[in-house]
Amino acid sequence: AQVAKDSARNPQFNYEESKVPTFTLPDPLKMADGRSVSSKQDWINGRRDELVEVFRREVYGRRPTTEYHVDFQVLAETDDVFEGKATGRDMQAIVTIGEREFKFPFTVFIPNAVTEPGPVIVFINNRRPDTVQSVIEEEASTGAKRTIIDRGYAIATFHTSDVDPDRKDGYADGIRAFFANGQPLQNDDWGGLSAWGWAASRVLDYMVAQPEIDSSRTAVGGHSRSGKTALWAAAEDPRFSIAYSNDSGCGGAAISRRRFGETVGRITSVFPHWFCENFTAYSEREDQLPVDQHELLALIAPRAVYVASADLDLWADPKGEYASVVAAAPVYQLLGEEVITDPEMPPLNTPRHIGKTGYHIRSGAHMISETDWKMFLDFAAGQWSR
Ligand code: GTR
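Okay, so let's go over this structure. (Residues numbered from 1 in each chain as written. Predicted model: local features only at pLDDT ≥ 70, side-chain atom pairs only at ≥ 80, totals over all residues. Heavy atoms only, no water.)

**Brief notes about empty space enclosed by the protein**
Here's step 1: Going through the model one piece at a time under the given rule, you end up with one cavity of 30 Å³ or more.
Here's step 2: Quantified by volume, the largest cavity comes out at close to 70 Å³.
Here's step 3: Residue lining of the largest cavity: 14 residues in total, with Cys250, Ile255, Ser256, Phe260 and Glu262 positioned closest to the centre.
Here's step 4: Within the lining of the largest cavity, the residues separate by chemical class into seven nonpolar, three polar and four charged. (1 Å grid on protein atoms, 1.4 Å probe; cavity = no way out; pocket = protein on both sides within 12 Å on 5 of 7 lines; lining within 4 Å. Points joined across faces, edges and corners; volume = space filled by probe spheres on them. Nonpolar A, V, L, I, M, F, W, Y, C, P; charged D, E, K, R; others polar.)

Encoded structure:
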């Protein structure tokens, strides 16, 4: 029913495998000048820098180089969340450039039972804003954050729109305009996804400074637009040891050249504020893109990546999301890591974890469910076990 609804909503988009165009994926192990990348050193000291720069210029935009300072303020704290299992903190990040200030809130839960520094998950939230109080109320029905705490992990979340409004016309009120001091954006300046990813890194700054947190075990995750953001956040910030994208689709894990479900043309017209202006030029010209999304996953190597899809969420192209995981494998292998290489997708609701990459396709619609969390947390536990 959900598929029918999505197709009916966007009947001009393709949902049939037989209509996927033939294409050749760009080779992550080939330099722009045609040279092959054949050693770890070639990747680390050459090709990776080249590739991240292309993603900045053509897809997500470049972050500003302006110097800033960030402070953190505890607005409220309670040590008995989830029946005493966690301490919750309503926080505020205060970003300063000269005399000017930009503030955004975030929320932190740290397990009380920790005896040594433990992992942290930074979750990028685009639905309802979290506060300690709202999470306590919501947990009665979903339990997601409590599950994370029960595993001994801390979680920090912020709402995308508190950093940069998730609206076409929200630029003036966000962190990007703050950095640009109100000046208009250039064609390769950061889009909203990159701004949200930057905020995830600021939240991480705070978390890794806490004595309860082990800075070597850190994840960034999100659902849908925030799943796209999580992948780019991890590409830009090597401190994240795992990236988790849930139903991220177009501009996230899905291969753009497949043009299955949401396309570059559609996403850049409905959500122009997510990407840099240059990305719009690839509308209906996906074959001209100098990169594709498997190379975004490759930028996270040798760190871990977990990609999750849902079978009714054809708009996000589950096959294209899985294909990216497989197509990123050569980079991981060059770096000496074992990863998923099987071109066949795993059966429904059957996670596949091989070395540094993991994937599942859950039955059901576009959402982040308890099942998704459980499967991701099992993967994270494997990465973080001692
Ligand atoms: C949709 C959009 C997707 C995805 C989704 C979401 O409308 O087309 O790319 O980001 O929103 O965030 O739930």
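Still to come is the rest of the account.
**Notes on the site of the ligand**
Here's step 1: Near the ligand you find Arg127, Ser224, Arg225, Lys228, Glu262, Ile267, Phe271, Trp274, Trp315 and His366, and these make up its full shell.
Here's step 2: A distance of 2.8 Å separates an oxygen atom of the ligand from a polar atom in the side chain of Ser224.
Here's step 3: A distance of 2.5 Å separates an oxygen atom of the ligand from a polar atom in the side chain of Arg225.
Here's step 4: In the complex, 88% of the free accessible area of the ligand, which totals 320 Å², lies under the protein chains.
Here's step 5: When the residues that make up the shell around the ligand are grouped by side-chain class, the tally is four nonpolar, two polar and four charged. (Near = heavy atom within 4 Å. Polar contact = N/O pair within 3.5 Å; in protein donor to acceptor, adjacent residues only side chain to side chain. Areas by Shrake-Rupley, 256 points an atom, 1.4 Å probe, with all protein chains shown as cover.)

**A word on the packing of helix 2 (residues 40-60) against helix 10 (residues 293-300)**
Here's step 1: Taken N-terminus to C-terminus, the directions of helix 2 and helix 10 make an angle of 130 degrees; their axes are 10 Å apart at the nearest point. With respect to helix 10, the axis of helix 2 lies oblique. Handedness of the helix 2/helix 10 crossing: left-handed. Between helix 2 and helix 10, the contacting residues are Trp43, Arg47, Arg48, Leu51, Val52, Phe55 and Tyr60 on the first element and Gln293, Glu295, Leu296, Ala298 and Leu299 on the second. (Axes fitted to C-alpha atoms, helices over the stretch in contact; angles between N-to-C directions. Helix = DSSP H or I, 4+ residues; strand = E, 2+ residues; numbered from the N terminus. Parallel < 35°, antiparallel > 145°, perpendicular 65-115°, else oblique. Left-handed = near helix turned anticlockwise from the far one by under 90°. Contact = heavy atoms within 4.5 Å.)

**Some words on the layout of surface pockets**
Here's step 1: In this structure, the largest pocket encloses a volume near 450 Å³.
Here's step 2: Along the wall of the largest pocket there are 21 residues; nearest its centre are Phe123, Arg127, Glu138, Ile368 and Trp373.
Here's step 3: Among the elements of the structure, strand 4 (118-125), helix 3 (132-139), helix 4 (144-150) and helix 13 (370-384) are those that each provide at least two residues to the lining of the largest pocket.
Here's step 4: Here the lining of the largest pocket gets three residues from one element, more than from any other, and that element is strand 4.
Here's step 5: Of the residues contributing to the lining of the largest pocket, the split by class is seven nonpolar, seven polar and seven charged.

**Section: the nonpolar core**
In summary, soluble globular proteins display a tendency toward joint burial of nonpolar side chains.
Here's step 1: In this structure, Phe55, Phe104, Phe106, Phe158, Ile175, Met207 and Val220 are the most contacted members of the largest nonpolar core, which totals 82 residues.
Here's step 2: No other element matches helix 7 (residues 192-208), which puts 10 residues into this core. (Core = buried A, V, L, I, M, F, W, Y, C linked by side-chain atoms within 4.5 Å. Buried < 20%, exposed > 50% of the residue type's maximum accessible area, 1.4 Å probe, protein only.)

**Overview of the side chain of Thr229**
Here's step 1: Within the secondary structure, Thr229 is located in helix 8 (residues 225-236).
Here's step 2: Since its relative accessible area comes to 0%, Thr229 is described here as buried.
Here's step 3: Only 2.8 Å separates the side chain of Thr229 from the backbone oxygen of Arg225, close enough to count as a polar contact.
Here's step 4: In this view, Thr229 contacts Ile124, Leu193, Trp196 and Gly197; residues no more than four positions away in its chain are not counted.

**Remarks on the pattern of salt bridges**
Here's step 1: Under the criterion given, the structure shown has 33 salt bridges.
Here's step 2: One salt bridge connects Glu53 with Arg56, and the closest N-O pair in it is separated by 3.0 Å. Of this pair, Glu53 and Arg56 both sit in helix 2, separated by three residues, roughly a single helical turn.
Here's step 3: Since its relative accessible area comes to 26%, Glu53 is described here as partly exposed.
Here's step 4: The partner of Asp342 in a salt bridge is Arg352, with the nearest N and O atoms 3.7 Å apart. Here Asp342, found in the loop between helix 12 (329-334) and strand 9 (352-354), pairs with Arg352, found in strand 9; they are 10 residues apart in sequence, far enough to count as distant.
Here's step 5: In this structure Asp342 comes out as partly exposed when scored by relative accessible area, which is 32%. (Salt bridge = Lys/Arg side-chain N within 4 Å of Asp/Glu carboxyl O.)

**Some remarks on the packing of helix 8 against helix 10**
Here's step 1: Following both chains from N to C, one finds helix 8 and helix 10 inclined at 45 degrees, their axes separated by 8 Å at the closest point. One finds that helix 8 runs oblique with respect to helix 10. In this structure, helix 8 meets helix 10 at a crossing whose hand is left-handed. Side by side, helix 8 and helix 10 meet where Leu231, Trp232, Ala234 and Ala235 of the first sit next to Leu296, Leu297, Leu299 and Ile300 of the second.
Here's step 2: Partitioning the contact of helix 8 with helix 10 into residue classes produces eight nonpolar, no polar and no charged.

**Topic: the pairing of strand 1 (residues 69-81)**
Here's step 1: Sheet topology note: the strand 1/strand 2 (residues 86-97) ladder contains 10 bridges and is antiparallel. Note that in strand 2 the partner of Val70 across the bridge is Val95. (Pairing = 2+ DSSP bridges.)

**A word on the packing of aromatic side chains**
Here's step 1: One pass over the structure, following the stated rule, counts 30 aromatic pairs.
Here's step 2: One aromatic cluster is present, built from ring pairs that chain together Tyr68, Phe102, Phe178, Phe179, Trp190 and Trp198.
Here's step 3: Above the face of the Phe178 ring, Arg100 is positioned so that its terminal group lies 4.7 Å from the ring centre.
Here's step 4: Sitting above the plane of the Trp198 ring, Arg202 keeps its charged end 5.0 Å from the centroid. (Phe/Tyr/Trp six-rings, centres within 6.5 Å; stacked < 30°, edge-to-face > 60°. Lys NZ or Arg CZ within 6 Å of the ring centre and 35° of its normal.)

**A few points about helix 3**
Because an α-helix completes one turn every 3.6 residues, residues spaced three or four positions apart along the sequence face the same direction.
Here's step 1: Within the sequence span of helix 3, burial applies to Val132, Ser134, Val135 and Glu139. Looking down the long axis of helix 3, one finds its buried residues gathered within 165 degrees of arc, a one-sided arrangement.
Here's step 2: Contacts from the buried residues of helix 3 go to strand 1, strand 2, strand 3 (100-111) and helix 4. (Arc of directions from axis to C-beta.)

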